[in-house]
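Coordinates in review
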Amino acid sequence: KIVSEAFDKAGDSRVLGSQRVPDWRTRVDEMAARRNFLQVRRADAVYVVGWRLQIGKDQFTGRNDVDPRETPVLDVGGGTGWACQWYVD
């Protein structure tokens, strides 16, 4: 339950506009993001190495074009980006 609630809260910040399709949770699960939540849940600090999203690219792969307003403010890509979002939340 805790993971699902955190998943939905982070989704409000990360899955925007046209990217918010019915299967967005499945796409994020494929990035092992739920495991990442458990890694940062009680962390005092988080240091990451990851790829940054380019403005106007989707947050799932960083390859597909989307409206530039759909790029998350926290612009770290992949499951690492989700871990960062949970830490911030």
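Everything in this summary refers to the structure shown in the same document. Values in this document were obtained by computation on a predicted structure and should not be read as measured data. (Residues numbered from 1 in each chain as written. Predicted model: local features only at pLDDT ≥ 70, side-chain atom pairs only at ≥ 80, totals over all residues. Heavy atoms only, no water.)

1. Quick notes on the nonpolar core
Membership of the largest hydrophobic core comes to 14 residues, with the highest contact counts inside it found for W24, V28, F60, W82 and W86. Taken together, the elements giving at least two residues each to this core come down to α1 (2–14), α2 (24–29), α3 (33–40) and α4 (78–88). Among residues more than four places away in sequence, those in contact with V28 are F7, A33, Q59, F60 and W82. (Core = buried A, V, L, I, M, F, W, Y, C linked by side-chain atoms within 4.5 Å. Buried < 20%, exposed > 50% of the residue type's maximum accessible area, 1.4 Å probe, protein only. Helix = DSSP H or I, 4+ residues; strand = E, 2+ residues; numbered from the N terminus. Contact = heavy atoms within 4.5 Å.)

2. Notes on α1
For α1, with 13 residues, the first-to-last C-alpha span of 18 Å sits near the 18 Å given by 1.5 Å per residue. Among all positions of α1, only A6, F7, A10, G11 and R14 are buried. Down the axis of α1, the sector holding all buried residues measures 140 degrees, keeping them to one side. Among the structural elements, α2, α3 and α4 are those in contact with the buried residues of α1. (Expected span 1.5 Å × (residues − 1). Arc of directions from axis to C-beta.)

3. Observations concerning the pattern of salt bridges
The full count for this structure, using the stated rule, is five salt bridges. D75 serves as the salt-bridge partner of R52, at 2.7 Å between the closest nitrogen and oxygen. Taken together, the residues R52 in the loop between α3 and α4 and D75 in the loop between α3 and α4 connect sequence positions 23 residues apart. Between R69 and D67 there is a salt bridge, with its nearest N and O atoms 2.6 Å apart. Overall, the relative accessible area of 68% leaves R69 in the exposed class. Given the relative accessible area of 28%, D67 is considered partly exposed. (Salt bridge = Lys/Arg side-chain N within 4 Å of Asp/Glu carboxyl O.)

4. Observations concerning the packing of α1 against α4
Orientation of α1 relative to α4, taken along the N-to-C sense of each, is 105 degrees, at an axis distance of 10 Å. Considered as vectors, α1 and α4 are oriented roughly perpendicular to each other. For the pair α1 and α4, the contacting residues are A6, F7, A10, G11, S13 and R14 in the first and G78, G81, W82, Q85 and W86 in the second. The residue makeup of the contact of α1 with α4, split by class, is five nonpolar, five polar and one charged. (Axes fitted to C-alpha atoms, helices over the stretch in contact; angles between N-to-C directions. Parallel < 35°, antiparallel > 145°, perpendicular 65-115°, else oblique. Nonpolar A, V, L, I, M, F, W, Y, C, P; charged D, E, K, R; others polar.)

5. A short note on the packing of aromatic side chains
All told, the structure shown has six aromatic pairs when counted by the stated rule. Note on W82 and W86: the rings are 5.7 Å apart at their centroids and 55 degrees apart in plane angle, and the pair reads as tilted. On the criterion of helical spacing, the pair formed by W82 and W86 is a turn pair, its members being four residues apart in helix α4. The ring centre of F60 lies 4.1 Å from the NZ or CZ of R27, which sits over that ring. (Phe/Tyr/Trp six-rings, centres within 6.5 Å; stacked < 30°, edge-to-face > 60°. Lys NZ or Arg CZ within 6 Å of the ring centre and 35° of its normal.)

6. Quick look at the environment of V88
Along the chain, the position of V88 falls in helix α4. Look at V88 and you get exposed, because its relative accessible area is 55%. When the C-alpha atoms of V88 and D75 are compared, they prove to be 13 Å apart, with 13 residues separating the residues in sequence.

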